[in-house]
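Working through the structure, step by step
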Amino acid sequence: MKDNALIQKWQKELMSFKGIKSTFIIEGNISDKYPFPINNDEIDFFSLNEILTMMFNSDETEGLYDVRYCDLIFGISNDGFTNKEILKRETQNLNSIVKNSEEIRKYMTARASENENNSQTELVPSKNTNAKSNLNILNYSSRFLNSPDSMSQAEIAFFLNLFYASNNALRIKSYINTLILIVNKLNDIPAWFFINNPNVRTITIANPDRVVRSVYIDKFYDKFRDNKTPEIEKIRIKFTDLTEGMKILELGELRRLHDKSNIPIEEIADVVSIYKYGLKENKWSQIKGKLGNDMGDRIKNRIKGQDHVIDKIVKVVKRAVVGLSGLQHSSGSKPRGIIFLAGPTGTGKTEIVKAVTELLFEDEKSLIRFDMSEYAAEHADQKLFGAPPGYVGYDSGGQLTNAVKNNPFSVLLFDEIEKANPKIMDKFLQILEDGRMTDGQGNTIYFTETLIFFTSNIGISRELKDPNTGLITREKIVTPDDKFDVIEERVRSEMNNHYKPEVMNRFGENILVFNYIDEVASKEIAKSQIDNINQIYFKNNKIEIKISDDAYQLLYSMCWQDEPRSNGGRGIGNVIEDQYLNHLAEFIFDENIQEGDIINVNDKNGKFDFIRSIDIRTTPNS
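Quick summary incoming for the structure in this document. (Residues numbered from 1 in each chain as written. Predicted model: local features only at pLDDT ≥ 70, side-chain atom pairs only at ≥ 80, totals over all residues. Heavy atoms only, no water.)

**Topic: the sheet that holds strand 13 (residues 337-342)**
Strand pairs in the sheet, formed through backbone hydrogen bonds, run parallel or antiparallel to each other. Overall, parallel pairing links the five strands, which are arranged 14-15-18-13-21 in an open sheet. Of all the strands in the sheet, the pair left with one neighbour each is strand 14 (367-371) and strand 21 (511-513). Across the sheet, the axes of successive neighbouring strands diverge by a mean angle of 20 degrees, strand direction being ignored. Strand direction decides the pairing type here: strand 13 and strand 21, joined by three bridges, are parallel. Bridge pairing links leucine 341 to leucine 512 in strand 21. Sitting on the sheet, helix 17 (residues 422-434) touches strand 13, strand 15 (410-415) and strand 18 (450-456), and the angle it makes with strand 18 is about 150 degrees. (Pairing = 2+ DSSP bridges. Helix = DSSP H or I, 4+ residues; strand = E, 2+ residues; numbered from the N terminus. Axes fitted to C-alpha atoms, helices over the stretch in contact; angles between N-to-C directions. Contact = heavy atoms within 4.5 Å.)

**Overview of unusual backbone geometry**
One non-glycine residue with positive phi stands out, namely asparagine 196, at about 60 degrees. Relative to the helices and strands, asparagine 196 is located in the loop between helix 5 (191-194) and strand 12 (200-205). The exposure class of asparagine 196 is exposed, given its relative accessible area of 76%. Positive phi, normally seen in glycine, also occurs at asparagine 605, with a value near 60 degrees. Position of asparagine 605 among the secondary structure elements: in the loop between strand 23 (597-604) and strand 24 (607-614). (Buried < 20%, exposed > 50% of the residue type's maximum accessible area, 1.4 Å probe, protein only.)

**Notes on the environment of serine 366**
As for its placement among the helices and strands, serine 366 is situated in the loop between helix 14 (349-361) and strand 14. Under the relative-accessibility criterion, serine 366 is labelled partly exposed at 25%. Taking C-alpha positions, serine 366 is 9.3 Å from asparagine 407, a pair spaced 41 residues apart along the chain. Beyond its immediate chain neighbours, meaning those up to four positions away, serine 366 contacts Thr357, Phe361 and Val411.

Written as structure tokens, this is what we have:
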């Protein structure tokens, strides 16, 4: 096989070990089409069976191979490309499947006859150096057993025959009888077959890279091939980038979908949206026209004391809306935005995500939120991404993948991510880098149109375990009295210790650390919560509550104690409930306050004092 830039890594690896290894296990993208040079290096695309046959018979000086194919449906056949001969064979049963493995063992440990006219090739232990080697390709090898961990006697016999064949394959000069197992993934077959077996080489086929996709598009997309204007070339390049992660067969389906849809070649990006999401409309382009230039101010009206974070988030959101996110990366298919919010509890991390969601979709309920403390168990990743075949919950899919499949244009929030099982963050790497994930059912879910937030309290405190009693306590790493640069440095340091470098690199400069709420923000939050309570109560009960300036100052002093300061807005809410709401409710109940009454709230010796008066007004003071 001539050297060619389009020859894939897995093909080069296979050719390098052809004649050296007796056994290959091929996993990964096994059901696609692959490039291969023919007729003076012209590139065409072939199935795996076709390309394996051509690769093993590409150079007569290295020896030719007599090829046989085996699968669960039709057994052993000399014809791996058409159904004419295969369909004459009877459907396999358990006994015939084991018998097939015995036949493969015989093929692997003997020479093939020179007599090519004999359809029932004779196995001869001849010393004739012109005899062919045998190439045995087992398709759907993952399906030859139910589970590698609990094999039946017949399944054990099947793989024992293959194991014997792998270790006793007949060598003919510089080449060897060869066995190829095509599997979905390596752990679908028993580990004892390949672990510490020097005769086995595992080869992984990756999805086609940008160069291969570009060649396929040039060859089979007539409207690109026949129109070489600079404008069309820009569209072709963008289209190639948008198909990152797609298989060649999917590119063929995209071509047929484009031909069927009559969409102009200038709008072929819409065909990708239709293929991925089932719709042409891009909600992000619709959002752009609805957002004004006051996004930051609108968020700051809701979130107090975190202006530095809000300014950065607004930049990321603007980049997401106009479609410039991730274009500096080679894939060009990353999510619309990725933001990691870290820092003290109660400072507005979750609330700011709700505010962004409301800005984008006019309803914070459009947020898809996951409380990651619910995913701490070892196999919790299956709840998010779906259980593999044969496991409980396989049919229902994953909670995350189902949610994104149903609503691809969305804001995702993974709250308190540090509490999730570490395996889950490893799974997120593919989403953060490539904008896609394959669920347990084998469906590719695209995250390229999502805006993703992670929140974490890591770096604020750590758990300490008493070696004598086993009791666990928490030690503060930072306090509200620390300066922000100290808080930020310690939070980032703890994150670097907790997460792998490849995880941190995915977020880059989008790791935003929140500060403790300062005194000004604390007052604003407290007043906002009190005013909101009073307004809602008047709306529902027509009872007006008036709070004096002294009462507000009393509330502010209560909220600026050490404990509420450490717990941020949540701590302020706890103070208001304990010191204000409880006493207000008691007063309303005991004094039988009625519609039309007014309650005046004052400071009396460091406590809230409630006084009832009657007024016929139906609107509260502004």
